[in-house]
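Tertiary structure, described
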Amino acid sequence: TDLKDMLKQTGEAYGDRPAYIFKTEEKEKFKTITHKESRDEINALGTVLINMGLKDKRIAVISENRYEWELSYLAVAAGVGVIVPLDKSLPDNELESLILRSQVEAIIYSSKYDAIMNILRDFISMDLAENTQGIYAEKSLIEKGKKLLKEGKKEYLDAKIDADKMGIMLFTSGTTAMSKAVMLSHKNLVTNIMDIIQRFDLYEDDRFLSFLPLHHVFECTVGFLYPISIGGSIAFCEGVKHMADNI
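Overview of the structure.

Quick notes on the rules
- Residues numbered from 1 in each chain as written.
- Predicted model: local features only at pLDDT ≥ 70, side-chain atom pairs only at ≥ 80, totals over all residues.
- Heavy atoms only, no water.
- Salt bridge = Lys/Arg side-chain N within 4 Å of Asp/Glu carboxyl O.
- Helix = DSSP H or I, 4+ residues; strand = E, 2+ residues; numbered from the N terminus.
- Contact = heavy atoms within 4.5 Å.
- Core = buried A, V, L, I, M, F, W, Y, C linked by side-chain atoms within 4.5 Å.
- Buried < 20%, exposed > 50% of the residue type's maximum accessible area, 1.4 Å probe, protein only.

Comments concerning the pattern of salt bridges
- Counted under the stated rule, the structure contains nine salt bridges.
- Each of Glu64, Arg66, Glu68 and Asp127 takes part in one network of salt bridges that share partners.

Brief notes about the environment of Gly239
- Looking at the secondary structure, you find Gly239 in the loop between strand S11 (233-236) and helix H8 (243-246).
- If we ignore the near neighbours within four places in the chain, the residues touching Gly239 are Phe211 and Asn246.

What about the nonpolar core?
- Counting 47 residues, the largest nonpolar core has Leu3, Tyr20, Tyr73, Phe224 and Leu225 as the members making the most contacts within it.
- When residues of this core are assigned to their parent elements, the largest contribution, eight residues, is made by helix H3 (residues 67-77).
- Apart from residues no more than four positions distant in its own chain, Leu3 is found in contact with Tyr73, Ala77, His186, Leu189, Val190, Ile193 and Leu225.
- By size, the runner-up hydrophobic cluster in this structure holds 19 residues, among which are Ala60, Val84, Met117 and Met166.

Structural notes on unusual backbone geometry
- In this structure, Glu28 takes a positive phi of about 65° despite not being glycine.
- Relative to the helices and strands, Glu28 resides in the loop between strand S1 (18-23) and strand S2 (30-34).
- The backbone of Gln133 sits at a positive phi, close to 50°, despite the residue not being glycine.
- As for its placement among the helices and strands, Gln133 is situated in the loop between strand S6 (122-125) and strand S7 (136-137).

Right, dumping it as C-alpha cells:
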C-alpha cells in the first residue's frame, strides 16, 4: 500500500538476506548490510528525525549513489515527511535555488557538498563520525535513534502513511526551462513497483548494480525500490570507467 508497508513486509520475508554490498578501504574486502540491519537503521534515523522536530517537514537528500542516500530517502518517506532528492550534478547557484524553492527544513548530504552548505537549514552529514560545528552526523543520529527506540519512542514506527498525499518532491532536469517541481505519492511508486514485479523474473538471489543517478525516478524505482521489494541486493557503481570491474 505504501513504502512503509513494503519495508515491513519485505523486512520480515528477507531479513537475513544481503540488501547492500560495497567496498571497504581494505582491498578485496566487502561490507554487507542485511535487509534487517537496513530496516533497523531506517527506523532509528526516522525516529531521531522526528525527535529533532522534523515531523511532516520537507527534507532534501543529495550525494553520489550510496547506501546512506537510500537510507535517508526511506527513513524520511516512511514516516517523517516529504523527501526531496536533489540533482547531484547541478551547479551551486541552481542547487541553492532548488533548496530555497522546495522550502526544505533539513538537508542530508555527502562531504562533496561541504563547501556549499551555507544556507540556514539543519545539515546532516553522511560522512562525519560525530556532530561538529552545528552539523549533525548521520551515524551519530542513528545511534541516538536506536536509544530512543529502546526508550519506547514509537511515533515513527506507528506513523500512518497517506498513500495518495505527496510524499516525494522531485525536480525536472531543467534542460528547456527552469526546473519544475513534481509531486509524487507513495501510491505512485508502489503501484509502479508492483507492475515491474509482474514484468521481470528477478528474485532475492539477484544483485543490482546501481549506476544511474538515484535522484532520477527511473533509477529510484527500478534500481533501488524494486530490488528492496523483492529481497534482492544492491551494489554501487564507482563510475562508467569502472563499470566492467564493478560487475
